[in-house]
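Each chain is listed here by its residues.
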Amino acid sequence: MKAAVAGSGASFDGAAAYGRDAAVPREAVRRRDRHVGAAVPESGPTDPIYPVSDELYAALFVRLAEAIDARSYFSGTIAFRYGAAECRFTASLIVYRARCSLPEGEAETLVDLVPVWWELHTTVGGEERLNDFSFAELRRRIG
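Computed from a predicted model, the values in this text were never measured in an experiment. (Residues numbered from 1 in each chain as written. Predicted model: local features only at pLDDT ≥ 70, side-chain atom pairs only at ≥ 80, totals over all residues. Heavy atoms only, no water.)

Asker: If you had to explain the overall build of the protein chain to someone new, which residues and values would you point to?
Answerer: Summing up its helical and strand segments, the protein chain has three helices and eight strands in all. Along the chain direction, N to C, the helices and strands of the protein chain fall in the order β-β-α-β-β-α-β-β-β-β-α. A total of 143 residues make up the protein chain; the buried ones form 23% of that total. (Helix = DSSP H or I, 4+ residues; strand = E, 2+ residues; numbered from the N terminus. Buried < 20%, exposed > 50% of the residue type's maximum accessible area, 1.4 Å probe, protein only.)

Next up, the structure:
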């Protein structure tokens, strides 16, 4: 969708700016916002957000802890199926550990993960969907 830029002859292509391949079809437009000139689709967003559940965070954390093992830095990808979704977590993480004295001896436990880069891709039915993943929520699983 193109909107005129106030005070100039230029226009702004909102669909292109947000990575959309095509504008909203005319028949899907219910009304036009008088203030901005943006069209509002009749059926709502075309890409609903995939909700990341507590169980998915737990499943990801277990796989991530196994992949980190005894290293102090992790850089890699973990791919797995969760329900109907194909999940792919890619990250570079600094791993912090603490030494604990136990009756059985000393051990190092994971105390924090500091992300350098992370992303979680969720694909459902062959289409990638945005998700509401939060690295802070994943960190709450530590301990």
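Asker: Please give an account of the packing of aromatic side chains that cites residues and values.
Answerer: Across all of its chains, the model carries four aromatic pairs by this definition. Seen from their ring centres, Trp 118 and Phe 133 are 5.0 Å apart, and the 65° between their planes marks the pair as edge-to-face. Taken together, the residues Trp 118 in strand 7 (residues 105-124) and Phe 133 in the loop between strand 8 (127-129) and helix 3 (135-139) connect sequence positions 15 residues apart. Classification of Trp 118 as partly exposed rests on a relative accessible area of 31%. On the accessibility criterion, Phe 133 (9% relative accessible area) is buried. A cation over an aromatic ring shows up here: Arg 63 above the ring of Phe 80, its NZ or CZ 4.3 Å from the ring centre. (Phe/Tyr/Trp six-rings, centres within 6.5 Å; stacked < 30°, edge-to-face > 60°. Lys NZ or Arg CZ within 6 Å of the ring centre and 35° of its normal.)

Asker: Run through the sheet that holds strand 7, naming residues and quoting values.
Answerer: Strand order in the open sheet made by the four strands is 5-6-7-8, with antiparallel pairing throughout. Each edge of the open sheet carries a strand with a single partner, namely strand 5 (73-82) and strand 8. Across the sheet, the mean angle separating the axes of adjacent strands is 40° when strand polarity is ignored. Of the pairings in the sheet, the one linking strand 5 to strand 6 (residues 85-102) comprises 10 bridges and is antiparallel in character. Paired with Tyr 82 across the strands is Ala 85, a residue of strand 6. Of the strands in this sheet, strand 5, strand 6 and strand 7 are in contact with helix 2 (residues 54-68), which crosses strand 5 at around 135°. (Pairing = 2+ DSSP bridges. Axes fitted to C-alpha atoms, helices over the stretch in contact; angles between N-to-C directions. Contact = heavy atoms within 4.5 Å.)

Asker: Report on helix 2, specifying residues and quantitative values.
Answerer: Between its terminal C-alpha atoms helix 2 stretches 21 Å, which fits the 21 Å expected from 15 residues at 1.5 Å a residue. Considered for burial, the residues of helix 2 that qualify are Leu 56, Tyr 57, Ala 59, Leu 60, Phe 61, Leu 64 and Ile 68. For helix 2, the elements touching its buried residues are strand 5, strand 6, strand 7 and helix 3. Directly beyond the C-terminal end of helix 2, a positive phi value near 55° is found at Asp 69. (Expected span 1.5 Å × (residues − 1).)

Asker: Tell me about the nonpolar core, and name the residues and values.
Answerer: In terms of nonpolar packing, the biggest core is built from 24 residues, with Leu 64, Phe 89, Leu 93, Leu 113, Phe 133, Phe 135 and Leu 138 touching the most fellow members. Among the elements of the structure, helix 2, strand 5, strand 6, strand 7 and helix 3 are those that each provide at least two residues to this core. Discounting chain neighbours no more than four positions away, the residues touching Phe 133 are Val 52, Tyr 57, Leu 60, Phe 89, Trp 118, Leu 120 and Leu 138. (Core = buried A, V, L, I, M, F, W, Y, C linked by side-chain atoms within 4.5 Å.)

Asker: Run through a nonpolar patch on the surface, naming residues and quoting values.
Answerer: A cluster of nonpolar residues, Tyr 73, Ile 94, Tyr 96, Val 111, Val 116 and Trp 117, forms a patch on the protein surface that exposes about 580 Å² of accessible area. Listed by contribution, the elements that provide at least two residues to the nonpolar patch are strand 6 and strand 7. Considering each element in turn, the nonpolar patch owes the most residues, three residues, to strand 7. Within the fold, Trp 117 resides in strand 7. (Patch = residues over 30% accessible without salt bridge, like charges linked within 9 Å, V, L, I, M, F, W, Y side chains within 5 Å. Areas by Shrake-Rupley, 256 points an atom, 1.4 Å probe, with all protein chains shown as cover. Salt bridge = Lys/Arg side-chain N within 4 Å of Asp/Glu carboxyl O.)

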